[in-house]
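These are the residues of each chain, in order.
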Amino acid sequence: MEYFTTTSKASRRAADCVVVGVYERGKLGAGAADIDAASKGEIRRQIKSGDVSGRLGRSAVLTNVPGVRAGRVVVVGLGKSGELGVAQFRRAMAAAVQSVSRSKSKEILSYLTLEDVAGSDAYYLARHTVQAIGDGLYRFDEMKSGRRKGGMPLRKVGLATSKRSDAARSMRGAEHGDAIVMGMSLAKDLGNLPPNVCTPAYLARTAQRLAGKYRKLTARIINETEMKRLGMHSLLSVTAGTREPAKLIVMQYKGVARGQPVVLVGKGVTFDSGGISLKPGPAMDEMKFDMCGAASVIGVMATVAALKLPINVNVVVPAVENLPGGRATKPGDIVTSMSGQTIEILNTDAEGRLILCDALTYCRRFKPAAVIDVATLTGACVVALGHHHTAVMGNNDELAANIIAAGRNADDRAWQLPLGEDYAQQLKSNFADMANVGGRDAGAITAGCFLAKFTDGMDWAHLDIAGTAWKSGQKKGATGRPVPMLSEWLLARCGALP
Ligand code: BES
Ligand code: MN
Ligand code: ZN
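Worth saying up front: this structure is predicted, and the values here are computed from it rather than measured.

K.L.:
Teacher, can you tell me more about the coordination of the manganese ion (ligand 2) here?
P.N.:
Any two of four tetrahedral donors ideally make an angle of 109.5 degrees at the metal, while pairs among six octahedral donors ideally make 90 or 180 degrees. Only Asp272 (OD), Asp349 (O), Asp349 (OD) and Glu351 (OE) from the protein coordinate the manganese ion (ligand 2), and they sit 2.0 to 2.2 Å from it. Relative to the metal, the 6 donor atoms surrounding the manganese ion (ligand 2) lie at angles of 71 to 166°, and the coordination shape comes out irregular. Each donor residue of the manganese ion (ligand 2) belongs to the same chain, with the gaps between them written as D-x76-D-x1-E. A spacing of 3.2 Å is found between the manganese ion (ligand 2) and the zinc ion (ligand 3), which share Asp272 as a donor. Of this pair, Asp272 sits in strand S10 (residues 268-272) while Asp349 is found in the loop between strand S13 (342-344) and helix H10 (352-363), placing the two residues 77 residues apart along the sequence. The class of Asp272 is buried, set by a relative accessible area of 3%. For Asp349, a relative accessible area of 22% corresponds to the partly exposed category.

In structure tokens, the structure reads:
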């Protein structure tokens with residue numbers, strides 16, 4: 001995609017498609033006011049006739065507007081004036097993209113970036129514009145037979161700026177947004193692929209392919225023989241029932257010569273049947289999304305590498321399939337984790353923590369500056385926070401606060417849940433150092449407490465993305481979250497934000 005900025009008026013640009021906004025009660029946004037003046041009141045007439053509305057999320061496409069050089073004018077509702085925040089801005093831009101996504105426009109020039117958006121600036125508005133376009137144009141039709149439907153042939157995105165001095169910030173926002181879209185699209189593709197294609201081996205090959213593309217990025221795949229040697233019996237217990245070989249994927253991006261790396265760990269269960277503690281049938285297909293943690297950290301790695309960020313980042317992905325079988329792990333089995341701690345497996349469906357604990361122990365060798373694990377870990381997290389916020393837990397409140405702040409800027413929100421000894425008590429086992437489940441109450445938190453037992457001495461945060469990584473129902477599909485939040489956190493951390 002090509003990006004440019006412009007300070008010229010909306011009516012003067014001969015673009016395929018310009019996007020302008022109107023507020024409720026007839027207040028015109030900057031671009032709309034100019035087009036209205038140039039066309040002798042066309043926008044106001046359309047508002048009167050009811051064809052254009054200021055309601056948030058509404059949009060109309062006007063063609064051949066007199067006095068306007070652009071072929072199409074997309075007028076979107078911005079909601080109540082004074083209530084335009086980043087979330088509303090993204091909704092409005094998404095509506096604009098939606099309304100031209102079937103057109104043959106090669107170019108979109110947005111004037112929404114001229115609006116006053118609370119808590120935002122030229123950089124973030126450019127980034128969110130690019131992300132809204134990327135989200136809106138994303139399609140997953142790899143698995144459909146027949147001729148692909150031609151999507152929108154978009155090649156150029158323009159961003160209006162009010163002053164020339166904003167142009168550099170705006171271009172930087174577009175560049176970052178473009179890389180975030182690329183990382184999110186990779187994460188969505190991996191999530192959406194069926195579990196007979198996206199196996200642990202497929203995730204491993206994806207990591208290797210990515211490493212082949214970027215000079216500062218390497219990938220190493222650890223197989224089951226080596227895992228045994230490392231003592232990863234907790235991880236290996238999850239893969240015991242399947243014929244798909246487990247893989248431990250280790251990626252390293254070296255953006256600076258010195259400095260401890262940040263390590264991102266992603267849960268890569270390519271299908272979670274529950275194992276012997278078999279899940280019920282309805283919606284079990286959605287457990288193909290149980291590798292979205294892995295997909296998101298691999299996606300973030302792609303973003304980081306594309307932007308050549310000056311930071312060291314490692315990714316560790318334990319990738320397995322959780323199936324029942326003659327050799328599968330049984331409730332009651334006790335395994336020794338790589339840390340030496342023993343675990344009584346009371347429920348084989350609590351498998352995410354069993355692979356993550358060994359991956360976290362493996363991370364120690366990197367002496368990480370911080371470790372963040374990302375996992376579709378618990379149904380209880382969805383009960384607690386629904387589909388809007390990712391849950392954050394951890395052993396360092398400053399780290400958690402920084403992640404949450406990053407989520408706010410990126411409009412990819414997170415909310416903290418507490419950890420602590422009171423909850424950890426629920427994991428007591430009569431026979432081993434701990435059980436792998438802590439009962440029904442506070443299920444997202446007790447899962448976090450389990451992981452905490454493997455993070456002593458490391459600054460660590462845990463993201464439970466069970467509610468945010470994918471959508472169910474008609475719009476079933478991976479969301480690419482939390483790629484924006486983690487990318488923002490890394491951008492801030494290495495000083496790459498303007
Ligand atoms: N992958 C699931 C968590 C999940 C369930 C995410 C539904 C999104 C929607 C995880 O492996 C799991 O099965 N967790 C169990 C834990 C329980 C057995 C303690 C759960 O949440 O039911
Ligand atoms: Mn499970
Ligand atoms: Zn799972």
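Having seen the model, we can carry on.
K.L.:
Can you walk me through helix H15 (residues 483-493) in this structure?
P.N.:
In an α-helix, one turn spans 3.6 residues, which is why side chains three or four residues apart end up on the same side. In terms of burial, H15 is largely enclosed, as 9 of its 11 residues are buried. Along H15, the residues classified as buried are Val483, Pro484, Met485, Leu486, Ser487, Glu488, Trp489, Leu490 and Leu491. Just downstream of H15 lies Gly495, where phi reads positive at about 70°.

K.L.:
What's the story with the layout of surface pockets in this structure? I'm lost.
P.N.:
Take a probe with the size of a water molecule and roll it over the atoms, and the empty space left behind shows itself. Of the voids in this model, the second largest pocket is the one considered here, and its volume is about 700 Å³. Lys279, Leu377, Thr378, Gly379 and Ala380 are the residues nearest the centre of the second largest pocket, which is lined by 30 residues in total. Contributing elements (two or more residues each) for the lining of the second largest pocket: helix H11 (379-385) and helix H14 (443-452). At 3 residues, H11 tops the list of elements feeding residues into the lining of the second largest pocket. For the lining of the second largest pocket, the residue count by class is 12 nonpolar, 10 polar and 8 charged.

K.L.:
What am I meant to see in the coordination of the zinc ion (ligand 3) here?
P.N.:
Donor atoms from the polypeptide that bind the zinc ion (ligand 3) are Lys267 (NZ), Asp272 (OD), Asp290 (OD) and Glu351 (OE), placed at 2.0 to 2.4 Å. Around the zinc ion (ligand 3) sit 6 donor atoms; with metal-centred angles ranging over 78 to 176°, the donor geometry is octahedral. In primary sequence terms, the donor set of the zinc ion (ligand 3) follows K-x4-D-x17-D-x60-E.

K.L.:
I would appreciate a short explanation of the domain arrangement of the protein in the present structure.
P.N.:
Note on interface size: it is often stated as the accessible area lost on association of the parts. According to the domain assignment, the protein contains domain 1 (2-137) and domain 2 (182-493). Taken over C-alpha atoms, the centre of domain 1 sits 39 Å from the centre of domain 2. Taking both sides of the interface into account, the surface hidden between domain 1 and domain 2 amounts to around 680 Å²; carbon and sulfur atoms contribute 35%. Area buried by domain 1 at its contact with domain 2 is led by Tyr124, Arg127 and Asp135, which between them contribute 47% of it. Counting across the interface, domain 1 meets domain 2 through 3 salt bridges. A salt bridge links Asp411 to Arg90; the shortest N-O distance between them is 3.8 Å. At the junction of domain 1 and domain 2, the tally comes to 4 residue pairs in polar contact (both at pLDDT 80 or more). Looking at the side of domain 1 that touches domain 2, the elements with two or more residues in it are helix H3 (86-100) and helix H4 (122-137). Among the elements that line the side of domain 1 that touches domain 2, the one with the most residues is H4, at 6 residues.

K.L.:
Is there a simple way to think about the pairing of strand S14 (residues 370-375) in this case?
P.N.:
Both faces of the sheet carry side chains from a regular strand, because those side chains alternate between them. Within S14, 6 of the 6 residues are buried, which leaves it mostly tucked inside the rest of the structure. Taking every second residue as pointing to the same face, both faces of S14 are buried, with Ala370, Ile372 and Val374 on one and Val371, Asp373 and Ala375 on the other. As paired strands, strand S9 (residues 262-266) and S14 are joined by 5 bridges and run parallel to one another. Across the sheet, the residue bridging to Leu264 is Ile372, located in S14. Pairing of S14 with strand S18 (residues 460-464), which is carried by 5 bridges, proceeds in the parallel orientation.

K.L.:
Is there a simple way to think about the packing of H10 against H14 in this case?
P.N.:
To characterise two packed helices, one gives the angle between the axes of the helices and the distance between these axes. Two numbers describe how H10 lies on H14: the axes approach to 9 Å, and their chain directions differ by 30°. Judged by the inter-axis angle, H10 sits roughly parallel to H14. The crossing of H10 and H14 is right-handed. Where H10 approaches H14, its residues Arg353, Leu354, Leu356, Cys357 and Leu360 are matched on the opposing element by Ala447, Phe450 and Leu451. Split into classes, the residues belonging to the contact of H10 with H14 amount to 7 nonpolar, no polar and 1 charged.

K.L.:
Would you take a moment to explain the pattern of salt bridges for this structure?
P.N.:
Side chains that differ in sign of charge can pair as their charged atoms come close. Scanning all chains against the criterion turns up 17 salt bridges. For the salt bridge of Asp121 with Arg169, the shortest nitrogen-to-oxygen distance reads 2.9 Å. On the criterion of sequence distance, the pair formed by Asp121 in the loop between strand S5 (107-110) and H4 and Arg169 in helix H5 (residues 167-192) is long-range, its members being 48 residues apart. Assessed through its relative accessible area of 26%, Asp121 is described here as partly exposed. Under the relative-accessibility criterion, Arg169 is labelled partly exposed at 30%. Ionic pairing is found between Lys330 and Asp333, a salt bridge with its closest N-O pair at 3.5 Å.

K.L.:
Help me understand the sheet that holds strand S12 (residues 334-336) in this model?
P.N.:
Within a beta sheet, neighbouring strands are joined by backbone hydrogen bonds and run either parallel or antiparallel to one another. The 3 strands lie next to each other as S12-S13-S17, forming an open sheet whose pairing is mixed. Edge strands, defined here as strands with exactly one partner in the open sheet, are S12 and strand S17 (434-435).

K.L.:
Please explain the sheet that holds S5 as it appears in this structure.
P.N.:
Spatial ordering of the open sheet is given by S1-S6-S5-S2-S4-S3, a layout of 6 strands whose pairing is mixed. Single-partner strands in this sheet number two, and they are strand S1 (2-6) and strand S3 (59-63). Averaged over all pairs of adjacent strands, the angle between their axes in this sheet comes to 25°, without regard to strand direction. Bridge analysis of strand S2 (residues 17-22) against S5 gives 2 bridges, and the strand direction is parallel. Bridging across to S5, Val18 finds its partner in Leu109. Here helix H1 (residues 30-38) sits on the sheet and contacts S2 and strand S4 (72-77); the angle it forms with S2, its principal contact strand, is near 105°.

K.L.:
Looking at this model, I keep getting lost on the site of ligand 1. Mind explaining?
P.N.:
Not every one of the 16 residues close to ligand 1 is listed here, only the nearest: Lys279, Asp290, Asp349, Glu351 and Gly379. With respect to ligand 1, the side chain of Asp272 contributes an N or O atom lying 2.9 Å from an oxygen atom. Here a nitrogen atom of ligand 1 and a backbone polar atom of Thr376 are 3.3 Å apart. In isolation ligand 1 exposes 510 Å². Once the protein is present, 76% of that is buried.

Reading the values: the criteria
- Residues numbered from 1 in each chain as written.
- Chains lettered and ligands numbered in written order.
- Predicted model: local features only at pLDDT ≥ 70, side-chain atom pairs only at ≥ 80, totals over all residues.
- Heavy atoms only, no water.
- Donors = N, O, S within 2.8 Å, 3.2 Å for Na, K, Ca; no water.
- Tetrahedral: all angles 85-135°; square planar, octahedral: opposite > 155°, others 65-115°.
- Helix = DSSP H or I, 4+ residues; strand = E, 2+ residues; numbered from the N terminus.
- Buried < 20%, exposed > 50% of the residue type's maximum accessible area, 1.4 Å probe, protein only.
- 1 Å grid on protein atoms, 1.4 Å probe; cavity = no way out; pocket = protein on both sides within 12 Å on 5 of 7 lines; lining within 4 Å.
- Points joined across faces, edges and corners; volume = space filled by probe spheres on them.
- Nonpolar A, V, L, I, M, F, W, Y, C, P; charged D, E, K, R; others polar.
- Domains from an automatic or database assignment.
- Buried area = accessible area lost by both parts, 1.4 Å probe.
- Salt bridge = Lys/Arg side-chain N within 4 Å of Asp/Glu carboxyl O.
- Polar contact = N/O pair within 3.5 Å; in protein donor to acceptor, adjacent residues only side chain to side chain.
- Pairing = 2+ DSSP bridges.
- Axes fitted to C-alpha atoms, helices over the stretch in contact; angles between N-to-C directions.
- Parallel < 35°, antiparallel > 145°, perpendicular 65-115°, else oblique.
- Left-handed = near helix turned anticlockwise from the far one by under 90°.
- Contact = heavy atoms within 4.5 Å.
- Near = heavy atom within 4 Å.
- Areas by Shrake-Rupley, 256 points an atom, 1.4 Å probe, with all protein chains shown as cover.

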